[in-house]
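What follows is the residue order along each chain.
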Amino acid sequence: MITKAHLQRLGREHGTPLFVVDHDALRRNYREFRRHLPRVQAYFAVKANALPEIVRTFFLEGASFDVASMPEFNIVYANVAGMPPKERQDWIWDKIIYANPNKPVETLQELNQYKPLVTFDNAEELLKIRDHAPQAGVVLRVRVTNTGAMVELSSKFGAAPGEAVDLILLAQKLGLTCEGLSFHVGSQTTNFNNYVEALALCSNIFKEAADRGYRKMNLMDIGGGFPARYDESVKPFRELAKVINNELERLFPKDIQILAEPGRFLVANAGYTVSKVIGKAVRDGKPSYYIDDGVYHTYSGVIFDHCKYPVRAFRKGPTKLSAVYGPTCDALDVVSMAENLPELNRDDLVYSENIGAYSHASSTYFNGFPPAKVVHVNT
Ligand SMILES: Cc1ncc(COP(=O)(O)O)c(C=O)c1O
């Protein structure tokens, strides 16, 4: 844990806007995930926060990686570039999945030399893989229920379950090997039943594939979606893990390898932001503060991730309902219209916790303001 005093010190020392990553928290999260889901190989979804230092910490913990673009692949690859070629190839096959169902031809051409696992969810993609990355192993992404997830993904990704076995057989016909299935129940899924339903659905697809003569599937990738505890309403991870373990035990024989692609769960509570009050006003009777970070920057998760990050003051005092705005000229740049804050002065620092996932990762340079400076602690 980073204390409030430490955070304030970092803000003063390094200047603002500042994004702080606590590597102890990264390690704690990874170990918690592994402890409660011992059968599951954890592939960190790099997109949640692609800072190379974060990838490095997970690499040293023995994690595997879900990448979704060539730059993400290369961030992971940098950690194994020095390995002897055979060892490196085995590592890539065992520990990387390229889990973006739609890949540009150029990416497939580059990926082919690494013979990775890649996902797909339609016939057109299979043809592309056959033509440009025939050495890849393929994993079929299946469309599953995303009810109750904070960020839903099923509208854009996943083959209809009814088409799944046809696609698996098509892969075989094209000379590719379908190694297994994957799904994503939607990010920040607090409805555990999504996993139960998805696992039952996939178990039936395994059975139907076997009935139709295809017995080469040996992995089940249960995706991401594991919720971060943004507040007490989110049940502890061990409760979800218990549900998942029961279903895995019941539905998937021991020789089926189980993978997961946790992103948010591993990084959300490891990130903090510290920013500074650069202006203040009273608008419609409400104290309003302009800070040097906003929704085009570290608070981008407010827009893209549908997430809220309470803004807190280091200063103590009676609070009033206040507005907090980002620094840009866009009226969309609103961090919050309702924060309980004491009266703040220009140059006061404020902070937010639990902002490690899908926040700094989608920061822009809009309006000439660069992304926040990053500081790593407990590395
Ligand atoms: C294919 C895939 N895997 C894993 C993740 C990570 O999901 P989460 O951060 O909810 O664990 C995502 C997020 O969008 C994804 O698209």
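Since this is a predicted model, take the numbers as computed values, not measurements.

A. Geometry of the domain arrangement of the chain. Taken domain by domain, the chain holds domain 1 (4–19 + 271–377) and domain 2 (23–267). Inter-centroid distance (C-alpha atoms) of domain 1 to domain 2 is 33 Å. Contacts between domain 1 and domain 2 engage 14 residues on the former and 14 residues on the latter. When the two sides are added together, the surface that domain 1 and domain 2 hide from each other amounts to roughly 1,200 Å², 55% of it contributed by carbon and sulfur.

B. The arrangement of the packing of aromatic side chains in detail. Scanning all chains against the criterion turns up 18 aromatic pairs. With a centroid separation of 4.7 Å and 45° between ring planes, the pair formed by phenylalanine 44 and phenylalanine 58 is classed as tilted. In this pair, phenylalanine 44 sits in strand β2 (residues 40–45) while phenylalanine 58 sits in helix α3 (residues 52–61), placing the two residues 14 residues apart along the sequence. The buried category is assigned to phenylalanine 58, whose relative accessible area is 0%. With a centroid separation of 5.1 Å and an interplanar angle of 55°, the aromatic rings of tyrosine 77 and tyrosine 114 are classed as tilted. Placement of the pair is tyrosine 77 in helix α4 (residues 70–77) and tyrosine 114 in the loop between α6 (105–111) and β5 (117–120), with a sequence separation of 37 residues. Exposure class is identical for tyrosine 77 and tyrosine 114. Each is buried. Grouped by ring-pair contacts, the aromatic residues Phe33, Tyr195, Phe226, Phe237 and Phe265 constitute a single cluster. Against the face of phenylalanine 192 rests lysine 235, its NZ or CZ located 5.1 Å from the ring centre.

Rules and cut-offs
- In this convention, every chain numbers its residues from 1, walking through the sequence in written order.
- Side-chain atom pairs in this predicted model are given and counted only at pLDDT of 80 or more, local residue features only at pLDDT of at least 70, and totals for whole chains, interfaces and linings cover all residues.
- Where side-chain values are given, they derive from all heavy atoms of the structure, hydrogens and water being excluded.
- Domain start and end points were adopted from an automatic or database domain assignment.
- The contact criterion used is simple: two residues touch if any of their non-hydrogen atoms lie within 4.5 Å.
- By definition, the buried area sums, over both parts, the 1.4 Å-probe accessible area that each loses when the two are put together.
- By convention, a stacked pair of Phe, Tyr or Trp rings (six-membered ring in the case of Trp) has centres within 6.5 Å and planes under 30 degrees apart, an edge-to-face pair has planes over 60 apart, and any other such pair is tilted.
- Put simply, DSSP marks the helices as runs of H or I at least four residues long and the strands as runs of E at least two long, and each gets a number from the N terminus on.
- Summary of the burial criterion: residues with accessible area below 20% of their type's maximum are buried, those above 50% are exposed, and those between are partly exposed, where the area comes from a 1.4 Å probe applied to protein chains only.
- Two thresholds decide whether a charge sits over a ring: the Lys NZ or Arg CZ must be within 6 Å of the ring centre and within 35 degrees of the ring normal.

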